[in-house]
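An overview of the molecular structure
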Amino acid sequence: MSELQPELLLQAYAVGVFPMAEGRNDPRLFFVDPDNRGILPLDGFHISRSLRKTVRRRRFEVVWDRDFKGTIDGCAEATSRRPDTWINPEIRRLYLALYARGHAHSVESWQDGRLVGGLYGVRLGGAFFGESMFSRATDASKVALVHLVAKLKASGFTLLDTQFITEHLTRFGALEISREEYRERLATAIATPVQFDPAADDWPSVEALLQEATHTS
């Protein structure tokens, strides 16, 4: 059987479906098209007071695409809280191929020369599809998420897809919408031109986000 090609993966995202695996040791993939979709509204982002302080202290060096492979491997690794993940070798191969084509990106938190947290996802037009995140230091992935939202807003993106929502993501303002509404937003986002430069300095847009975002305790 021939391997799934990354171009087919982009076509799947464009119509609202995404791949998953049952576990990291299961070689099979399947595509998911949930009845309700999780999104994180870029104009309704919530940041707690404590996280604002952490971001402003700049405890982490936050960069894009320095170590995409290390980021996806960090998301795939087993932890006491997450003994298994859905990132199997085929998922890894496909997203590394998308990264090589400029369609996948990582947002990484570094500390003392070590990658300590971050996230990765797929970019298509003005839509960003968040895939997974990990943290080896307190707040490392949360700070990366703040930088992601700041750059997406500043670049003109209109959709940040989280696939599903979790209690963790609802604290940032994530919500569920119907499949039909999601597809409408997706079509608009994909057709939206953006000015996206992963190498550009995030800090001005991060500071603007900190000023605009909803305060939470």
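All of the points below concern the structure found in this document. (Residues numbered from 1 in each chain as written. Predicted model: local features only at pLDDT ≥ 70, side-chain atom pairs only at ≥ 80, totals over all residues. Heavy atoms only, no water.)

**As for the packing of aromatic side chains**
To keep it simple, the criterion reads: Two aromatic rings, drawn from Phe, Tyr or Trp (for Trp, its six-membered ring), form a pair once their centres lie within 6.5 Å of each other, and the interplanar angle then sorts them: stacked below 30 degrees, edge-to-face above 60, tilted otherwise. A run of H or I in DSSP counts as a helix once it spans at least four residues, and a run of E counts as a strand once it spans at least two, with each numbered from the N terminus. Partly exposed describes any residue whose relative accessible area lies between the buried limit of under 20% and the exposed limit of over 50%, with all areas from a 1.4 Å probe on protein chains only and scaled to the type maximum. Counting as a charge over the ring demands two things of the Lys NZ or Arg CZ atom: a distance within 6 Å of the ring centre and an angle within 35 degrees of the ring normal.
Tallied over the full model, the rule gives eight aromatic pairs. Taken together, a centroid distance of 4.6 Å and an interplanar angle of 5° make the contact between Phe 68 and Tyr 99 stacked. Placement of the pair is Phe 68 in helix H3 (residues 68–76) and Tyr 99 in helix H4 (residues 89–100), with a sequence separation of 31 residues. When the centroid spacing of 5.8 Å and the interplanar angle of 80° are considered together, the rings of Phe 68 and Tyr 120 count as edge-to-face. Taken together, the residues span a long stretch of sequence, with Phe 68 in helix H3 and Tyr 120 in strand S7 (residues 114–124) at a distance of 52 residues. By the burial criterion, Phe 68 is buried, and Tyr 120 matches it. An aromatic cluster is built from Phe 68, Tyr 95, Tyr 99 and Tyr 120, whose rings are joined through pairwise contacts. The positively charged end of Arg 58 is found above the aromatic ring belonging to Trp 203, 4.1 Å away from the centroid. Cation over ring: Arg 66 sits above Trp 110, and NZ or CZ is 5.0 Å from the ring centre.

**Describing the packing of H3 against H4**
Under the convention used in this document: As a rule, the C-alpha atoms of each element are fitted with a line to give its axis, helices using only the stretch in contact, and angles between N-to-C directions run from 0 to 180 degrees. Note on terminology: angles under 35 degrees are roughly parallel, angles over 145 are roughly antiparallel, angles of 65 to 115 are roughly perpendicular, and the others are oblique. Helix crossings are classified by the rotation of the near helix relative to the far one: an anticlockwise turn of less than a right angle makes the crossing left-handed, while a clockwise turn makes it right-handed. A contact between two residues is defined here by any heavy atoms of the two lying within 4.5 Å. Only Asp, Glu, Lys and Arg are considered charged in this grouping, and only Ala, Val, Leu, Ile, Met, Phe, Trp, Tyr, Cys and Pro are considered nonpolar; every other residue, Gly among them, is considered polar.
Relative orientation of the contacting elements H3 and H4 amounts to 150°, with a least axis distance of 11 Å. Between H3 and H4, the crossing angle belongs to the class labelled roughly antiparallel. Here H3 and H4 pass one another in a crossing that is right-handed. Contacts from Phe 68, Lys 69, Ile 72 and Asp 73 of H3 reach H4 at Arg 92, Tyr 95, Leu 96 and Tyr 99. For the contact of H3 with H4, a count of residues per class yields five nonpolar, no polar and three charged.

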